[in-house]
There are 2 protein chains.
Amino acid sequence: MKPVKKVIQFTDWDAALIEDATFEIAERHLEMEANVLRQARTQNYDSPYAFLNLPYDDALGQSVSRVAQATLALEPSMLIVIGIGGSNLGTKAVHDALNGIFYNELNATLKVYFADTTDPDMLTALVRIMETQLKQDRAVILNIVSKSGTTTETVANAALLLDLLKKYKKDSYHKYVVATTDENSKLWQVAQQEKFAALAIPANVGGRYSVMSAVGLFPLAMLGIDIKQLHEGARDITDSCLELSVEENPAARSATTIFGQYGKNIFIHNTFLFASELESLGKWYRQLVGESLGKEKNKAGRVVHVGITPTVAIGSTDLHSLAQLYLGGPYDTFTTFVTYASFATDITIPPAPELKSLDTNTQGLSLTHIMDAIARGVKVAYRNELRPFIAIELPEPSAYALGQFMQWKMIETVYLAYLLDLNPFDQPNVELYKRETRKILNHG
Amino acid sequence: MKPVKKVIQFTDWDAALIEDATFEIAERHLEMEANVLRQARTQNYDSPYAFLNLPYDDALGQSVSRVAQATLALEPSMLIVIGIGGSNLGTKAVHDALNGIFYNELNATLKVYFADTTDPDMLTALVRIMETQLKQDRAVILNIVSKSGTTTETVANAALLLDLLKKYKKDSYHKYVVATTDENSKLWQVAQQEKFAALAIPANVGGRYSVMSAVGLFPLAMLGIDIKQLHEGARDITDSCLELSVEENPAARSATTIFGQYGKNIFIHNTFLFASELESLGKWYRQLVGESLGKEKNKAGRVVHVGITPTVAIGSTDLHSLAQLYLGGPYDTFTTFVTYASFATDITIPPAPELKSLDTNTQGLSLTHIMDAIARGVKVAYRNELRPFIAIELPEPSAYALGQFMQWKMIETVYLAYLLDLNPFDQPNVELYKRETRKILNHG
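Residues numbered from 1 in each chain as written. Chains lettered and ligands numbered in written order. Predicted model: local features only at pLDDT ≥ 70, side-chain atom pairs only at ≥ 80, totals over all residues. Heavy atoms only, no water.

Caption draft 1: Highlighting the overall build of chain A. Helix and strand content of chain A: 15 helices and 12 strands. Taken over C-alpha atoms, the radius of gyration comes to 23 Å for chain A, in line with the 22 Å a tight globule of 444 residues would show. With the principal axes as the frame, chain A shows a C-alpha extent of 70 × 65 × 60 Å. Within chain A, buried positions represent 65% of all 444 residues. Surface summary for chain A: the accessible area is close to 15,800 Å², and the carbon and sulfur share equals 49%. With 41 positive and 50 negative side-chain charges, chain A shows a spacing of 6 Å between the two charge centroids. (Helix = DSSP H or I, 4+ residues; strand = E, 2+ residues; numbered from the N terminus. Rg over C-alpha atoms; globule rule 2.2 N^0.38 Å. Buried < 20%, exposed > 50% of the residue type's maximum accessible area, 1.4 Å probe, protein only. Areas by Shrake-Rupley, 256 points an atom, 1.4 Å probe, with all protein chains shown as cover. Lys, Arg positive; Asp, Glu negative; His and termini not counted. Charge placed at Lys NZ, Arg CZ, Asp CG, Glu CD.)

Caption draft 2: Region of interest: the domain arrangement of chain A. Residues and elements named next belong to chain A. In terms of domain boundaries, chain A breaks down into domain 1 (9–39 + 231–429) and domain 2 (50–225). Taken together, the contact pairs 34 residues of domain 1 with 25 residues of domain 2. Across the interface of domain 1 and domain 2, roughly 2,400 Å² is buried in total on both sides, 68% from carbon and sulfur atoms. Taken as a group, His231, Glu277 and Met410 account for 25% of the area that domain 1 buries against domain 2, more than any other trio of residues on that side. (Domains from an automatic or database assignment. Contact = heavy atoms within 4.5 Å. Buried area = accessible area lost by both parts, 1.4 Å probe.)

Caption draft 3: Up close: the relation of the copies chain A and chain B. Between the two copies, chain A and chain B, the superposition gives an RMSD of 0.0 Å; the rotation angle is 180 degrees and the shift along the axis is 0.0 Å. Viewed as a symmetry operation, the transformation between the two copies matches a two-fold axis. In this assembly, 99% of the residues forming the interface of chain A have copies in chain B that are likewise at the interface, indicating an isologous arrangement. (Least-squares fit on C-alpha atoms with pLDDT ≥ 70 in both.)

Caption draft 4: Broad picture of the interface of chain A and chain B. If you look at the interface, chain A gives 133 residues, while chain B gives 133 residues. Note on chain A versus chain B: buried area summed over both sides is about 10,800 Å², and carbon and sulfur give 63% of it. Inspection of the chain A/chain B interface yields six salt bridges. Between Arg286(B) and Asp318(A) there is a salt bridge, and its shortest N-O distance comes to 2.8 Å. Across the contact surface, chain A and chain B share 45 residue pairs in polar contact (both at pLDDT 80 or more). Looking at the side of chain A that touches chain B, the element that brings in the most residues is helix α13 (residues 367–384) of chain A, giving 13 residues. (Salt bridge = Lys/Arg side-chain N within 4 Å of Asp/Glu carboxyl O. Polar contact = N/O pair within 3.5 Å; in protein donor to acceptor, adjacent residues only side chain to side chain.)

Caption draft 5: Structural detail: the packing of helix α3 (residues 89–99) of chain A against helix α11 (residues 279–293) of chain A. Residue and element names in this part refer to chain A. As a packed pair, α3 and α11 sit with axes 7 Å apart at the nearest point and diverge in direction by 155 degrees. In this view, α3 runs roughly antiparallel relative to α11, as classed from their interaxial angle. By crossing handedness, the relation of α3 to α11 is classed as left-handed. Counting all contacts with α3, which are made through Leu89, Gly90, Lys92, Ala93 and Asp96, the residues of α11 involved are Ser280, Leu281, Lys283, Trp284 and Gln287. (Axes fitted to C-alpha atoms, helices over the stretch in contact; angles between N-to-C directions. Parallel < 35°, antiparallel > 145°, perpendicular 65-115°, else oblique. Left-handed = near helix turned anticlockwise from the far one by under 90°.)

Caption draft 6: Spatial organisation of the nonpolar core. Ranked by internal contacts, the top residues of the largest apolar core, which has 325 residues, are Ile80(A) and Ile80(B). Once residues lying within four places of it in the same chain are set aside, the contact partners of Ile80(A) are Tyr113(A), Ala115(A), Leu126(A), Met130(A), Val140(A), Ile141(A), Leu142(A), Asn143(A) and Leu161(A). (Core = buried A, V, L, I, M, F, W, Y, C linked by side-chain atoms within 4.5 Å.)

Caption draft 7: Representation of the pattern of salt bridges in the model. Residue and element names in this part refer to chain A. Applying the stated rule across the entire model yields 38 salt bridges over all chains. The shortest N-O distance in the salt bridge between lysine 5 and aspartate 236 comes to 3.0 Å. You can see lysine 5 sitting in the segment before β1 (9–11) and its partner aspartate 236 sitting in helix α9 (residues 227–238), a full 231 residues away along the chain. In this structure lysine 5 comes out as partly exposed when scored by relative accessible area, which is 38%. Linking glutamate 279 and lysine 283 is a salt bridge whose minimum nitrogen-to-oxygen distance equals 3.9 Å.

Caption draft 8: How the structure looks around the packing of helix α8 (residues 214–222) of chain B against helix α9 (residues 227–238) of chain B. All names here are of chain B. Running from N to C, α8 and α9 cross one another at 140 degrees; their axes reach a closest spacing of 9 Å. Classified by the interaxial angle, the pair formed by α8 and α9 is oblique. From α8, Leu217, Leu220 and Ala221 reach across to α9, where they touch Ile227, Leu230 and His231. Residues that form the contact of α8 with α9 fall into these classes: five nonpolar, one polar and no charged. (Nonpolar A, V, L, I, M, F, W, Y, C, P; charged D, E, K, R; others polar.)

Caption draft 9: Quick look at the packing of aromatic side chains. On inspection of all chains with the given rule, the structure shows 32 aromatic pairs over all chains. Ring geometry for Tyr113(A) and Phe102(B): centres 5.6 Å apart, planes at 65 degrees, overall edge-to-face. Here Tyr113(A), found in strand β3 (residues 111–115), pairs with Phe102(B), found in the loop between α3 (89–99) and α4 (103–106), and the two come from separate chains. Its relative accessible area of 2% is what places Tyr113(A) among the buried residues. What makes Phe102(B) buried here is its relative accessible area of 13%. (Phe/Tyr/Trp six-rings, centres within 6.5 Å; stacked < 30°, edge-to-face > 60°.)

Caption draft 10: Spatial organisation of α3(B). All names here are of chain B. With respect to burial, α3 is a largely interior element, eight of its 11 residues being buried. Among all positions in α3, only Leu89, Gly90, Thr91, Ala93, Val94, His95, Asp96 and Ala97 are buried. Just downstream of α3 lies glycine 100, where phi reads positive at about 85 degrees.

This is the structure:
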């Protein structure tokens, strides 16, 4: 018997407080964009919407698995993902969600580290940890991830860590490096010359849409994540996200819901995740929104300064930090609640006679029950206070569930960009600070 | 010779783009509040502004140090801080900033964990780590922190972890528990009955203003932080923050600057910290702003729905996530940049002949130099684009610098509440969800 596939649930659409008229307008517009996406589904990696097709690419999964298996055969004790932004946020999101935030402390086999920025103290610590492993003759894998191959922080950190690797693996260092980059980038060429394993990112897949490519798949496969299930989850939600009817299309429906908030001058979108392990997933979505929808100009080139500020909150932690603002402050925030139907584990609160006087209504309950009661209480309060929200329930921490969630969010973002008349795939204004930084680096 | 005290630097006030008239109005108002604070400085813990005087309380520092020393004499291998919101955010902020984000992996002596929310998977991992220590007959310290003594998550987690402790320390478990709470709270009474060490929080010091009390001091002293220096830093900035002239008072000046943004419909305040270790400091400030300034009602009880949404970004990491939004999106965000003049360590990027083709102008430079160039480049871009900001330079990662920063921010928040006509010390709307959660817990 085939196991029942557990799908994510979308609820509380009515709590978003959007008028029917908004949906009628969106329906007419999004039907066009849904048709463009349907077309893109048939074009492999040739359209700007190439990311859509990554989960359908069996050859990709197989080639990543081959490289991962060959790399794992070196019996590494440490994997360092050298990459920033779109080059590590998706990996970190899935890893934290499924392996947990204490992974490194609980799993002696293969620890993972993320070298993103060039923080000297963080890198000093990382060098120390890496050198301890190398001194013990353990294998350390460097996964250099950069679409362009020339990201400042990534190249600096790669130079630093490669130098250390070479000290201990003078003649064989190339075996321990895996480059993930655009085919024919300068990094790709380096990988060829140096005999590093190289994994290609399709040209039309931008960093923030690349989690289903080798960018996410290689390190996740190394870390024991079922990347087939990640892809399968993404595939299984794609069809509904290409439905022409907004009502039957969860991506078009959530895009319309967020667009409706925008029309009511609600420019902050808070993703409120009720699990400590999901903070990185929130940060992955934060980049997707920030870069795809924060734009100086619309598609026609007119200056519009449009954008949604994405924020991430963790339940119940941040209720003790921001609930007062969320329930008492301005009506300027739309919230997407994300909860688990069940966690991987559970614990029942034992009777603690010593603490009996303190509380109270939690003894004998499970932690899942308490988290659920808090999340439900918050949603009731949001409804009572007319704070607009929708809610997503993930069935459980699984690659299949995350695949659904992430593919849904990427397609949602494309629809939302369409409604806001923006290009979801560029980030031209980033150049404004990079140019200044280059000037300073060149002239001191 | 006494060492020169390194003070934090406030720069780029002009980049906040606030009119002189705003400062003139603020000057008249804030002089009154500065006088109230000056008065409070003479009233020990008797005024609502009691937090001001914590850094001057030598007896507090001494009693905390005594308990910390007695606890360290048990040679513990693990400290678990059980607390949420104001009960752990300040501790985490200082610990991460000074001990680094890889502390647990680099320091075998005393590892630290934070049990805040009731996430089943997080708690399962924590129980596993704790039980491993107890099985090896190592000492594990539980620091239960709750002002009221009845916080749902804290009581549930305390019951769970105390139960485990008792299994291994049947007759001596009380030696391993330290309670930090209001004198005469129910938790205080439990501590007396059970012979737990107990540290008092002054009644007038609220959670989000409590980092300089035993709430922060005890765990930080356990973790090797120089709590005297933390207090000294806080003391050394307090005088200037009580100056009657806004120009000479950095807290009144930054409060006025943020208030001026509010008048221009800029309701998002982004704290952009250029160090991975400072994310928790940003989250500490996020609570301070969220709870102190997000209010349904003003002081007179009129419904106003005022609030500033605090966000936290990390440089350079989040430049690769949100710079496009910050530089291209709506003009709805004010930014406070926080940088270090120098980090605790530094590394020079070695020549990496293999990667020569990729870049770059970073070989031969230090990581500090690169971070500095990126931060400077960003500030130039913000100026060019008229994105309002101010900048703070911390001299180095030190308890003294953090003491200054945190005391400045707490006083700034009080002034800002005064300008916005809000009570900075209450959080009445939190009850809206807690009530609903209690109903669900009681009735299923």
